[in-house]
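Architecture at a glance
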Amino acid sequence: MAKGAIFGKSPEGDRAGGEAPGMGDYHRSIKEALSDPFLRGALERFYLHSKASRPQAFKGLRLESLTKAVRESKEAALSGLEGLYDRFRERAESKGAVVHRCGDAASCRQLILAIAKDNGVSAIVKSKSMTAEEIALNPALEAAGISVSETDLGEWIVQLRGEGPSHMVLPAIHLSKDEVALTFEESRVIGGPQGARPPAEGAAVEALVRAARLALRPRFQEAHMGVTGANFALADSGTIGICTNEGNGRLCATLPGVHVALLGLDKLLPGLADAANLLRVLPRNATAQDITTYVSLISGAADCQASPTGKKKLHIVFLDNGRTGILKDPACRELLYCVRCGACANVCPVYRMVGGHRMGHVYIGAVGLGLTYFLHGAAAARNLAWNCIGCGACKEVCVAGIDLPSIVFEVRARLREAEGTPMADRLLSLVLPNRTLFGAALKVARIAQGPFGGPGPVRHLPIALSGDRGFRALPLLADKAFRDSFREAGPPPVAAAPDPSLDAAIFAGCAHDYLLPEELWDAAGVAAHKGASISFPMGQVCCGLPALTLGLRGAAVRAALANIEVFGAEDGPSRVLTLCASCASHIRHAYQRLVGGEGEETRAKAARFAGRITDFATYAKDVLRLGPRDFDRSPERAAYHSPCHMSKGLGVTQAPRELIGLAAEYLPTPEEELCCGFGGSFSLKFPEESAAILSRKLGILEAAGAHTVVSDCPGCVVQLRGGEEKRGRLLRVEHLATLLARRLKAKG
Amino acid sequence: MSQGQSAGAETNPVGLFTASAAKVSMGVSRTADLDGALAVALGLAQERLAQGPPQDGLDMLFLCGLPGALPEKYRALGAERGIRVIRDGLRAVRGWIGTAFSLASLAIAETATLVLSGEGEDARLSGMISLTHVIAVREEKILMALGDALPEVQAMMGRPGHVSFVSGPSRTADIERVLALGAHGPQRVQALVMGG
Ligand code: SF4
Ligand code: SF4
């Protein structure tokens, strides 16, 4: 138990059979991605481009109300899904379409194959459809001797390369134009043995697009059947809606005599007003467009000269494949709100490093981590579900407002419940919510860590290190936990006239209690300076977030119950101060859900605690009201690393920056809100990714010319400081409380 | 239409439509009436023919669903200028035709969207396989926001067939997220506001 006591299981535990099958291959593929300079370049361009363009697209719009409208319209649709399906079918069939419904991927492939055979089809043109990817339609058609041509440019490129899409909206975004040019050359789309070969190097994007357009035009002409997806299906009129930019979707739907539209049951909506909600957000969030160039609304069978009847043979195929299961699953139902804009990949720090082939099975990005489990089963999700830092960037950007990280944690819990929990994690789940066991375990760890400089990796307990995990130095367990020294010494003496309205009880969180207690003392000192009296209730335990991220839901619930007893009681402390943004955000947002099944009184306690928990920056600024006169301002340039759980979790962005400015020269730097790559157990499970994310972060900070990096979450401090130590300590890394404490003006 | 309204400074539909059109690389010009619109289309067809790239169909101008004697007038005018005015037969075209002319049922200013009822397969195809697509809309049929257009679009969806929203030339950003105009469909779309 000693190793990894705080943040996760030890690497030995990992390797001694604790890892899911296939994890080794997964790591290999991640390493490959990380060391591919072309991929890294393409992903980096994509990330920065998306980030810069999105705010423009939503300018002047009330994003919150747009999101709310999408959620309400999706929820209304889902709660009457069967009725919608019946209505859609009736209306679409009355206009000459044939409507089908398939329970699973296999029956859906069968059906589409049968439609092709009935119509004597030997060539198909296809426009991009994630649903077709989901059921692996192309291989099935090709095995039956039917040629399938993707016609969406990106999708066609990956088809030529024998790859799958790496993004739901931009399937070939992992490639540079030079790689595309090479692919075109190899597939004889351009060049060819006889003609002059255009140089692959430096080929203009426009020339590539022109080449593709010319090569694909005859395929439309020759195909007997077009397969498309659809972005929505409207029950009131039996209409399907297809959004494209290239114009390939409408060609696929128009030229061949047969049109098969394949879509998930979740695409059903009542009517045009619902589609309008979707049209307002989908293109904006996907590609920062106000609208896609084409929106085709197809209601039943149109006239079609290629069909013997003179009417298009239109088959609309709805796929269930697990969707009605998600519908009945309150914890994950929100997954069905997804409009497939792909934005949750665009902002994801993990996606930015490794791309979609490692960050998805078929569906990509955060939503893929969740959907894979339901649509493709536990085996497909087993490794994927762990590849998430829990940073919340996806949740923040999702236009359907889906709480994606919580769904990822939920999937982890289910994987654990179904597949068993490795020994190390089982122990952790016993120890974390129990303060006596936790203290005892850490004492053992402290002894094992030995007097300074124990042999090799032992020095770096409790987050055991070896191999890849050595990308950052990690702190030793403190000689004395905060709780022990507080018990002995009590709060620091109040320096000013006591002001009980400033008083606060400390919620330490395990990182501060056991690893970085000096930061808590710094905070207590700052509070005392203004006349606040600090207390420390001894009954508190770990907040439970580390357990939740490891899929140990039971332990997370027990930890929450223990803490709300202490901090949520009616006569409990009215203000609870924590220096850990992750604890604060977990307590504020997840506790009430975690204890939801526990009765009204417990829920009330959780709600009270959620209301009482206060992050240090907000406390220092709004409660202590620190001002310039409290500080001896330092001339050092101090940059800010904004922790994900601070900015995205708590919505606190200005207070820390203002406070830094009081104590030092605040130096704004690019991407202050870029994740540091810690994520607790994430950095142990995916050290290669964590290291890559960290190195980008530190590179930016060093280049900006900062002396000091200030942050306000212990995980970030540990990660950044450890990374800097490895890189040669160019920067001082410290908690906001420490900066404030060391620049505090002496009283008197 | 409370949420989602663009907060652009433009308060009149044509102004907003024109501003939005610039964002999607779509040209906008004014003409008095249908006759004037067809004259513009013929001019653009000549431009397209001169521009190339050389291919079958480049000299074609497709006119759809127009009343009265106008198509005949422009067939004759076209012939004088080396432009073949056609009204059907697009399935036989293997590549692209030079120019297509369509009449939009209505337009949505906030996104520069032209709404085509797409009746008749040739009419629908013309917007997909033309290099230049000229779309005329009556000024009073330009509405400010998507929400304003819903009742009319709803009515159009009552009949079997397609309703198409077109906002600018076909495009792709699939390679390196670099925008390229003229993917499978038109490289150029010109909106003509008739009346006023
Ligand atoms: S929480 Fe962060 S790391 Fe996890 S999927 Fe979302 S964006 Fe990616
Ligand atoms: S989960 Fe949200 S952000 Fe991700 S694709 Fe779906 S709608 Fe877009």
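Each chain carries its own residue numbering, running from 1 in the written order of its sequence. Here the convention is simple: chains get letters from A, ligands get numbers from 1, in the order in which they are written. The predicted nature of this model means local features are confined to residues of pLDDT at least 70 and side-chain atom pairs, given and counted, to a pLDDT of 80 or more, with totals for whole chains, interfaces and linings taken over all residues. Where side-chain values are given, they derive from all heavy atoms of the structure, hydrogens and water being excluded.

1. Quick look at the overall build of chain B
For clarity, the threshold we go by: Note on conventions: DSSP H or I runs of at least 4 residues are helices, E runs of at least 2 residues are strands, and numbering of each starts at the N terminus. Three exposure classes are used, based on accessible area relative to the maximum for each residue type with a 1.4 Å probe and protein chains only: buried under 20%, partly exposed in between, and exposed over 50%. Should any heavy atoms of two residues lie within 4.5 Å, those residues are counted as being in contact. Every accessible area reported is derived by Shrake-Rupley at a probe size of 1.4 Å, with residue values counting cover from the shown protein chains alone.
Across its full length, chain B holds five helices and twelve strands. Each principal axis of the C-alpha atoms in chain B carries an extent, and together these give about 50 × 45 × 35 Å. Every one of the 196 residues in chain B was classed for burial, and the buried ones make up 57%. Within chain B, contacts between residues separated by at least 24 positions form 78% of all contacts whose residues are at least 6 apart in sequence. Within the structure as shown, chain B displays about 7,200 Å² of accessible surface, and the carbon and sulfur contribution to it stands at 54%.

2. Concerning the packing of helix 17 (residues 366–376) of chain A against helix 20 (residues 404–419) of chain A
Residues and elements named next belong to chain A. Operational definition: Axis definition: a line fit to C-alpha positions, over the contact stretch in the case of helices; interaxial angles, taken between N-to-C directions, run 0 to 180 degrees. Crossing handedness follows the turn of the near helix against the far one: under a right angle anticlockwise gives a left-handed crossing, and clockwise gives a right-handed one.
Relative to each other, helix 17 and helix 20 sit at 35°, their axes nearing to 9 Å. Crossing of helix 17 against helix 20: the hand is left-handed. Two secondary-structure elements touch here, helix 17 through Ala366, Val367, Leu369, Gly370, Tyr373 and Phe374 and helix 20 through Leu404, Ile407, Val408, Val411, Arg414 and Leu415.

3. Regarding the sheet that holds strand 3 (residues 147–150) of chain A
Residues and elements named next belong to chain A. Under the convention used in this document: Pairing between two strands requires that DSSP report at least two bridges joining them.
The strand order 1-10-7-4-2-3 describes an open sheet built from six strands, whose pairing is parallel. Sheet topology places strand 1 (98–102) and strand 3 at the edges, where each strand pairs with a single neighbour. Put simply, the sheet's adjacent strands are angled 20° from each other on average, direction ignored.

4. Describing the site of ligand 2
As a reminder, the rule being used: Here, proximity means that at least one heavy atom of the residue falls within 4 Å of the molecule or strand. Under the grouping applied here, Gly and all other residues not named as nonpolar or charged are polar, the nonpolar ones being Ala, Val, Leu, Ile, Met, Phe, Trp, Tyr, Cys and Pro and the charged ones Asp, Glu, Lys and Arg.
In the region of ligand 2, the neighbouring residues are A:Met168, A:Cys338, A:Val339, A:Arg340, A:Cys341, A:Gly342, A:Cys344, A:Val367, A:Cys398, A:Ile402 and A:Leu404. For the shell around ligand 2, a count of residues per class yields nine nonpolar, one polar and one charged.

5. Things to note about the state of the cysteines
Residues and elements named next belong to chain A. To be explicit about the condition: Note on terminology: pairs of cysteine sulfur atoms within 2.5 Å are recorded as disulfides.
This structure, assessed with the given rule, holds zero disulfides over all chains. There is no disulfide at Cys304, and the cysteine sulfur nearest it, in Cys252, is 13 Å away. Cys304 sits in the buried class, given a relative accessible area of 2%.

6. Things to note about the packing of aromatic side chains
Our working definition: Note on ring pairs: Phe, Tyr and Trp rings are taken, using the six-membered ring of Trp, and paired if centres are within 6.5 Å. Classes follow the plane angle, with under 30 degrees stacked, over 60 edge-to-face and the rest tilted. Over a ring means this: the NZ of a Lys or the CZ of an Arg is within 6 Å of the ring centre and within 35 degrees of the ring normal.
Tallying each qualifying case throughout the model produces 16 aromatic pairs over all chains. On the numbers, 5.6 Å between centres and 80° between planes, the contact of A:Phe507 with A:Phe567 is edge-to-face. Of the two residues, A:Phe507 is situated in the loop between strand 11 (504–506) and helix 24 (509–515) and A:Phe567 in helix 27 (residues 553–567); the sequence distance between them amounts to 60 residues. This pair shows no difference in class: A:Phe507 is buried, exactly as A:Phe567 is. Ring pairs connect the aromatic residues A:Phe482, A:Phe486, A:Trp521 and A:Phe536, which therefore count as one cluster. We note A:Arg213 situated over the ring of B:Trp96; from NZ or CZ to the ring centre the distance is 4.1 Å. A cation over an aromatic ring shows up here: A:Arg217 above the ring of B:Trp96, its NZ or CZ 5.7 Å from the ring centre.

7. Observations concerning the side chain of A:Arg250
The condition is simple: For the purpose of counting charges, residues Lys and Arg are taken to be positive, whereas Asp and Glu are taken to be negative. His and the chain ends are not included. The term salt bridge refers to a side-chain nitrogen of Lys or Arg lying within 4 Å of a carboxyl oxygen of Asp or Glu.
Mapped onto the secondary structure, A:Arg250 falls in helix 12 (residues 248–254). No salt bridge forms around the buried A:Arg250; measuring N to O, its nearest opposite-charge neighbour A:Glu246 is 12 Å away. With near-sequence residues (within four places) excluded, A:Arg250 lies in contact with A:Tyr294, A:Ser296, B:Gly127, B:Met128, B:Ser164 and B:Val166.

8. Observations concerning the site of ligand 1
Residues and elements named next belong to chain A. For ligand 1, the full set of nearby residues is Cys348, Pro349, Val350, Ala366, Cys388, Ile389, Gly390, Cys391, Gly392, Ala393, Cys394 and Pro405. Broken down by secondary-structure element, the contributors of at least two residues to the shell around ligand 1 are helix 16 (349–354) and helix 19 (393–397). The residue makeup of the shell around ligand 1, split by class, is ten nonpolar, two polar and no charged.

9. Some points on helix 21 (residues 423–431) of chain A
Residues and elements named next belong to chain A. This is how it is decided: Picture the helix axis, draw a direction to every C-beta atom, and the arc is the one those directions span.
Every buried residue of helix 21 is accounted for by Asp425, Leu428, Ser429 and Val431. When helix 21 is viewed along its axis, its buried side chains cluster within an angular range of 165° and face the same direction. Residues of helix 21 that are exposed and point over 90 degrees away from its buried face: Met423 and Leu430.

10. A closer look at the pairing of strand 7 (residues 130–138) of chain B
Residue and element names in this part refer to chain B. Within strand 7, eight of the nine residues are buried, which leaves the element mostly enclosed by the surrounding structure. Across six bridges, the pairing between strand 4 (residues 97–103) and strand 7 is parallel. Each residue of the ladder has a partner; that of Ile97, found in strand 7, is Ser130. Inspection of the sheet shows strand 7 paired to strand 12 (residues 188–194) by seven bridges, in the parallel sense.

11. Remarks on the confidence of the model for chain B
Selection criterion: One number per residue, pLDDT, summarises how confident the predictor is, and it ranges from 0 to 100.
Summary statistics for chain B give a mean pLDDT of 91 and a share of 95% for residues scoring 70 or more. The low-confidence segment residues 1–7 of chain B (pLDDT under 50) makes 23 contacts with residues lying over four places distant or belonging to another chain.

12. Things to note about the interface of chain A and chain B
Let me state the cut-off plainly: We define buried area as the total accessible area lost by two parts upon association, computed with a 1.4 Å probe and summed across both. Side-chain atoms alone can form a polar contact between residues adjacent in sequence; in general such a contact is a pair of N or O atoms within 3.5 Å, and within protein one must be able to donate a hydrogen while the other accepts it.
Chain A puts 75 residues into the contact, and the matching count from chain B is 59 residues. Interface area for chain A against chain B, summed over the two sides, is near 5,600 Å², with a carbon-plus-sulfur share of 56%. On the chain A side of the contact with chain B, A:Arg213, A:Arg217 and A:Leu272 bury the most area, a combined 13% of that side's loss. If you look at where chain A meets chain B, you find three salt bridges. Notably, a salt bridge pairs B:Arg124 with A:Asp303, separated by 3.3 Å at the nearest N-O pair. Counting across the interface, chain A meets chain B through 34 residue pairs in polar contact (both at pLDDT 80 or more). Put simply, the parts of the chain that give the side of chain A that touches chain B at least two residues each are helix 3 (37–57), helix 4 (63–79), helix 9 (153–160), helix 10 (177–186), helix 11 (205–222), helix 12, helix 13 (272–287) and strand 9 (294–299) of chain A. With six bridges joining them, strand 9 of chain A and strand 9 (residues 161–166) of chain B adopt antiparallel strand pairing.

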